[in-house]
Structure formats: C-alpha cells, structure tokens
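So you can see what is in the structure, the chains are spelled out below.
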Amino acid sequence: MRSLSLFLIVCLLIGSSLSASAKPEFLDVFSKAYSLKAGGKLATASCNLCHKGGPPALNPYGADVKDALLAAHKKNLDAEILQSVAGKDSDGDGASNIDEIKADTLPGSADSTPAGTPKPHDDNVGKPKTNDAAPNPFAVETLIKPKHGNHPILVHFPIALFLIGFLFDVLGTKKKERTLLTVGYYNLLVAAIGSLPSIGTGLLAWQWHFGGTPLEGYLLIHLICGIVTSALLFTLWGMRRKMQENPESNLSTGYWILAGITALMITVTGHLGGFLAYG
C-alpha cells in the first residue's frame, strides 16, 4: 500500500506541474508588453512563440531573448528585455521582431513574415544560428565547468547499477543463491549513493546550461522524478538492509513491486533528461 500511495503522489505531482506550466510567466509578460490581436498568431502561439516544437528547444527569437536575459543578469523576463530584442531580426526573414509583432506574425519563424516584406538574399535564412568558432573541448574552463555540469556523465552510473543489481536479485532468487543476492544488495547501495551527485550536477546543469530559468514544464518534472527516484532507491536499500541481516529471509512481494515502480521512474526520468539534453 505504501508503494502504491507513493506512486499516486508522484502522478499527482507530475500532473500538477504540467498544469502549472501550461501558461508560463513569459506569455503573461509578452501579452502585457504588446497589444495582441485576439485569436491571432501571436495570441495563440503559446510556447511556440519562443520554442521550436515545444520546450526546451528554442527558436531564434527565444534564443535572442535568452541571450538578452543572460547579458542583463536577469532570471525573470520583463518589458525591458523584450524591448532590447525588438529591433533584431531573429529569424532572418527581413522583418524586425517589432514589425513582426505589430503585423501579428511570429518573430521566431522565417515562414511567418509580414506581407510585403522583401526576402533577404541570404542562403542562411531560416537556418539555426551557430557560433563563429566552436568551443575548445580541452579548454580548462570547459573541463572544470562544463555547461551540463557533468550531469549526463554521472547519471548513467546509478541507472546501470540499479538495473544490474535488479538482475542479480532475479538470478539470486531463482537459483536460491545468497551470493548473487548480496551482489545485488551492494549494487543497489552504490546506486542510491550515486543518485545524490546525479541530482547535484543536475541542479548545476540547470544553472549553467539553462541559465537558471524558472523551474517549470519538463525541467520541473525531470527534477521531481529524479528526487523521487533517489528516494525510492534509498527506500529499497533500507528494505534490503533488513533482509540482508537475516540470511533466511527472502525478498518480499512489496520489495519487488517497489523495485518495479523504481524501474519505471528511472525510465521516465531518463527519457525526460534525454529530451532536455538532445531535444
């Protein structure tokens, strides 16, 4: 029952975070800064105003807004930030952002342009912006402070250790071999401990890679799932520790159910992490 209750709580948290991120703060600030046409492209664009195919991937306009926030050392959007990018032509379609907004076209999409705007003769129109020079992967700053905070590297260890430990548990139970169960126990212990630096580096990645953007949408769900997964790993380890002290005890049905829920949470957390990192 405890495992089922925990699983239901996780579902409620995820559901509430989704509803809370349905209308992020950015849209409110943007709507107040500009008089949007009711039912127009901008008013109905929602997340696609700044994102490409949904968060976290940014379109050119969203990238310019993010750069302006970082340059101003701000975490929350305001009218001043919007004004600083108003004169730019983020999507390279020949019309400035403010002209696009006035014409109710999307400043982040080269396919949405005010009528009568001459197309610039540029082969790179519509292509994603790239830096003039690629960063040096061997630079000291890159090694010491990578933008992802080493999160994608460390997170694989607790995942692999849990799955391998789970496999040893299955084999040990089937063959009634205590040694295999002991190996599974220690894999689970290291997986639980390894989940802590995974969460820590994830928070660093949020600050360095996403610029400390407000926790909402998939970022918030990923964080919740990661914390819940870590809590589940330590709960499993606590159950196993009691069983480990009694050589005659077997893994309980509750343990297997909770292990299955943990495997599901790891899968969901990893999927969201991959989406945030690679789109």
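Quick caveat: nothing in here was measured; it's all calculated off a predicted structure. (Residues numbered from 1 in each chain as written. Predicted model: local features only at pLDDT ≥ 70, side-chain atom pairs only at ≥ 80, totals over all residues. Heavy atoms only, no water.)

Undergrad: Kindly report on the pattern of salt bridges, identifying the contributing residues and their values.
TA: Tallied over the entire structure, the rule returns one salt bridge. A salt bridge links Arg240 to Asp169; the shortest N-O distance between them is 2.8 Å. Separated by 71 residues along the polypeptide, Arg240 in helix H11 (residues 217–244) and Asp169 in helix H9 (residues 156–175) bring together distant segments of the chain. By relative accessible area, which is 1% here, Arg240 ends up buried. (Salt bridge = Lys/Arg side-chain N within 4 Å of Asp/Glu carboxyl O. Helix = DSSP H or I, 4+ residues; strand = E, 2+ residues; numbered from the N terminus. Buried < 20%, exposed > 50% of the residue type's maximum accessible area, 1.4 Å probe, protein only.)

Undergrad: I'd like to hear about the nonpolar core, residue by residue, with values.
TA: Among the nonpolar cores identified, the biggest contains 21 residues, and Phe162, Leu188, Leu232, Leu236, Tyr255 and Met265 are the most heavily contacted of them. Taken together, the elements giving at least two residues each to this core come down to helix H10 (178–208), H11 and helix H12 (253–278). Here this core takes eight residues from H11, the largest share from any one element. Ranked by size, the runner-up nonpolar core spans 20 residues in total, among them Ala45, Leu82, Val85 and Ile101. (Core = buried A, V, L, I, M, F, W, Y, C linked by side-chain atoms within 4.5 Å.)

Undergrad: So what's going on with helix H2 (residues 25–33)? Which residues, and what values?
TA: Every buried residue of H2 is listed here: Phe26, Leu27, Val29 and Phe30. End-on view of H2: buried residues confined to an arc of 165 degrees, all on one side of the axis. Each element contacted by the buried residues of H2 is listed here: helix H4 (60–71), helix H5 (79–84) and helix H6 (97–102). (Arc of directions from axis to C-beta. Contact = heavy atoms within 4.5 Å.)

All we've got here are geometric facts, nothing functional implied.
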